[in-house]
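Single-letter residue listing:
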Amino acid sequence: MDVAPEVLVQLRACRRPMERQALPGAPLRVRVETSPALRRALPGRLVLAAEAKRAERAWERSPALRESALLGMEAIVAGTHREAEAPELARRGVIDAAVRESLLWQPWPRPVLDAESLEHLRRAAHSGRGMIASNCHIGPFNMGISIYRDEVQRTPHILGGPWMFEAPKPGLWGRRTARWWEGARRGGARMVKTSGGAFATAVALLQAGEVVIITYDMPGSRTTQFLGKPVDLASGTARMAYTTDSLVIPVRIYRKHARTYAEYAPALDARDFDSADGMHDALAAIHGRWILDEPEALQDPRRPGAWEQWAGRERWARPPRDGVDREPRRS
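Residues numbered from 1 in each chain as written. Predicted model: local features only at pLDDT ≥ 70, side-chain atom pairs only at ≥ 80, totals over all residues. Heavy atoms only, no water.

Engineer: Looking at this structure, how should I read the packing of aromatic side chains?
Structural biologist: Aromatic ring pairs are reported here in terms of the distance separating the ring centres and the angle at which the planes meet. A full pass over the atoms with the stated rule returns 9 aromatic pairs. On the numbers, 6.2 Å between centres and 90° between planes, the contact of Tyr-148 with Tyr-264 is edge-to-face. Of the two residues, Tyr-148 is situated in helix H8 (residues 146–152) and Tyr-264 in strand S9 (residues 259–264); the sequence distance between them amounts to 116 residues. Like Tyr-148, the residue Tyr-264 is buried in the burial classification. Measuring from ring centre to ring centre gives 5.7 Å for Phe-165 and Trp-181, while their planes differ by 80°; the resulting arrangement is edge-to-face. Here Trp-181 lies in helix H9 (residues 172–186) and Phe-165 lies in the loop between strand S3 (156–160) and H9, a separation of 16 residues in the sequence. You can call Phe-165 partly exposed: its relative accessible area is 29%. In this structure Trp-181 comes out as buried when scored by relative accessible area, which is 10%. Site record: aromatic cluster; members linked through ring pairs are Tyr-216, Phe-226, Trp-307 and Trp-316. The lysine or arginine in question, Arg-252, covers the ring of Tyr-254, its NZ or CZ lying 5.1 Å from the ring centre. The cationic tip of Lys-256 hangs over the ring face of Tyr-261; the distance from NZ or CZ to the ring centre is 5.7 Å. (Phe/Tyr/Trp six-rings, centres within 6.5 Å; stacked < 30°, edge-to-face > 60°. Helix = DSSP H or I, 4+ residues; strand = E, 2+ residues; numbered from the N terminus. Buried < 20%, exposed > 50% of the residue type's maximum accessible area, 1.4 Å probe, protein only. Lys NZ or Arg CZ within 6 Å of the ring centre and 35° of its normal.)

Structure follows, in structure tokens:
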């Protein structure tokens with residue numbers, strides 16, 4: 001297999017173990033609230049319950065927060081069987097987002113898998129072919145990384161934006177970025193920068209039988225019937241799988257109180273589809289069903305770096321390109 005020089009550089013980089021990344025500085029209150037060492041001493045259930053109460057008070061006191069949350073939830077559930085629940089789901093979404101943010105700083109135990117999910121994962125991971133783990137921005141999705149190392153002895157390669165590779169800046173956002181990076185490192189992952197030939201790099205990894213994690217719910221050029229409406233989604237997952245004869249295993253990580261759980265659907269086989277488009281649509285159906293199980297756990301599609309104001313009740317249109325790969329959210 002001929003590989004372009006720039007792809008070889010990327011392959012060498014992403015096959016090296018990730019370097020440890022320390023949390024950057026921040027004001028005292030932020031350092032205290034985001035200290036993993038301090039959080040380890042606190043009971044997770046009590047911490048998350050307190051955060052949920054604080055978020056509920058914020059919901060009650062802030063009309064702007066309620067309006068923004070409702071717009072986001074209507075974009076998710078409009079056109080689906082859960083549309084009438086949007087106001088209550090918006091309230092729950094505010095609480096879930098706050099709890100999820102707090103959970104980021106607690107210890108990251110490996111999510112619990114049931115026997116069926118574990119069997120689906122083992123079959124795909126040990127098939128001798130490339131495997132794409134397809135997730136969405138729902139629940140504490142970042143906490144499932146160690147599953148691949150611990151359960152199937154595989155190294156996951158995560159596609160990450162260029163901003164993930166920059167030195168974290170002082171403040172809350174920089175500490176969050178460093179925390180995500182450290183979680184991936186501790187989970188035995190490798191990072192692949194989504195620029196400079198990322199598609200070719202991921203294809204090369206899959207052709208070598210590696211495991212690649214790709215987030216499905218990102219803006220792109222493929223208009224897809226998703227969540228009851230046309231949504232402009234990225235189609236790279238299916239195109240990579242179809243190009244490399246790989247398997248795609250849909251996964252979601254969800255939370256019950258302070259515990260996390262992982263669910264794996266049966267892997268989709270590129271050989272069973274006539275085109276990448278067919279595989280893409282099959283993924284949309286699976287992820288859409290999971291999202292509608294708990295819409296409050298999906299990150300707001302109107303957030304910076306996603307569809308922003310172009311996510312509405314009737315359609316999520318791809319935002320105009322400006323040539324900038326932006327960070328998804330700053331706090």
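Resuming the write-up.
Engineer: Looking at this model, I keep getting lost on the side chain of Thr-177. Mind explaining?
Structural biologist: Position of Thr-177 among the secondary structure elements: in helix H9. The contact partners of Thr-177, leaving out residues within four places of it in the chain, are Gln-21, Trp-163 and Met-164. (Contact = heavy atoms within 4.5 Å.)

Engineer: Explanation requested: the packing of helix H10 (residues 198–207) against helix H11 (residues 236–244) in the structure shown.
Structural biologist: A pair of packed helices can be characterised by two numbers: the angle between their axes and the separation between those axes. Look at H10 against H11: their axes get within 10 Å of each other, and the N-to-C directions meet at 45°. It follows from the interaxial angle that H10 and H11 lie oblique. By crossing handedness, the relation of H10 to H11 is classed as right-handed. Contacts from Phe-199, Ala-202, Val-203, Leu-206 and Gln-207 in H10 reach Gly-236, Arg-239, Met-240, Thr-243 and Thr-244 in H11. (Axes fitted to C-alpha atoms, helices over the stretch in contact; angles between N-to-C directions. Parallel < 35°, antiparallel > 145°, perpendicular 65-115°, else oblique. Left-handed = near helix turned anticlockwise from the far one by under 90°.)

Engineer: Help me out: how do you make sense of the pattern of salt bridges in this one?
Structural biologist: For side chains of opposite charge, pairing can occur when their charged atoms come near one another. Taken as a whole and assessed by the stated rule, the structure comprises 25 salt bridges. Here Asp-232 makes a salt bridge to Arg-315, at a shortest N to O gap of 2.9 Å. Of this pair, Asp-232 sits in strand S7 (residues 229–233) while Arg-315 is found in the segment after helix H12 (276–293), placing the two residues 83 residues apart along the sequence. With a closest N to O distance of 2.9 Å, Arg-252 and Glu-263 form a salt bridge. Of this pair, Arg-252 sits in strand S8 (residues 247–256) while Glu-263 sits in strand S9; the two residues are 11 residues apart in sequence, bridging distant segments of the chain. Bridged by salt links that share partners, the residues Arg-110, Arg-149, Asp-150 and Glu-151 form one connected network. (Salt bridge = Lys/Arg side-chain N within 4 Å of Asp/Glu carboxyl O.)

Engineer: Mind showing me how you'd approach the pairing of S9 here?
Structural biologist: Looking along a regular strand, one sees the side chains alternate between the two faces of the sheet. A one-sided burial pattern is seen for S9, the buried positions being Thr-260, Ala-262 and Tyr-264 and the unburied ones Arg-259, Tyr-261 and Glu-263. Pairing of strand S1 (residues 112–113) with S9, which is carried by 2 bridges, proceeds in the parallel orientation. Bridge assignment links Val-112 to a residue of S9, and that residue is Tyr-261. With 6 bridges joining them, S8 and S9 adopt antiparallel strand pairing. Looking at the pairing, Arg-255 lines up with Thr-260 of S9. Connecting S8 to the antiparallel partner S9 that follows it, the hairpin turn spans 2 residues, and His-257 within it adopts a positive phi of roughly 60°. (Pairing = 2+ DSSP bridges.)

Engineer: What is the right way to read unusual backbone geometry from this model?
Structural biologist: Most of the time, phi is negative for any residue but glycine, and the peptide bond is trans. In this model, Gln-153 sits at a positive phi of 55°, which is unusual for a non-glycine residue. With phi around 55°, Leu-227 is a residue other than glycine that occupies positive phi space. By the element assignment, Leu-227 lies in the loop between strand S6 (219–226) and S7. Given a relative accessible area of 5%, Leu-227 falls into the buried group.

Engineer: How do you make sense of helix H1 (residues 5–15) when you look at a structure like this?
Structural biologist: Quick reminder: α-helices carry 3.6 residues per turn. Residues three or four places apart thus point the same way. Looking at H1, one finds that the buried residues are Val-7, Gln-10, Leu-11 and Cys-14. Projection of H1 onto a plane perpendicular to its axis shows the buried side chains occupying an angular sector of 100°, all on one side. Facing away from the buried side of H1, by more than 90 degrees, are the exposed residues Pro-5 and Arg-12. As for H1, its buried residues are in contact with S3, strand S4 (190–193) and H10. (Arc of directions from axis to C-beta.)

Engineer: Would you mind showing me how to read the confidence of the model for the protein chain here?
Structural biologist: Per-residue pLDDT for the protein chain averages 92, and the proportion of residues at 70 or more is 95%. Scored below 50 in pLDDT, residues 323–331 shows 25 contacts in the model against residues more than four places distant or in partner chains. (pLDDT = per-residue confidence, 0-100.)

Engineer: Could you clarify how one ought to interpret the nonpolar core in this entry?
Structural biologist: In a soluble, globular protein the nonpolar side chains are often hidden away together inside. Ile-76, Phe-226, Met-279, Ile-291 and Trp-316 are the most contacted members of the largest nonpolar core, which has 59 residues in total. Leave out the neighbours within four places in its chain, and Phe-226 touches Tyr-216, Val-231, Leu-233, Ala-284, His-287, Gly-288 and Ile-291. Core analysis: the second largest hydrophobic core is formed by 28 residues, Leu-121, Trp-163, Ala-189 and Leu-247 among them. (Core = buried A, V, L, I, M, F, W, Y, C linked by side-chain atoms within 4.5 Å.)

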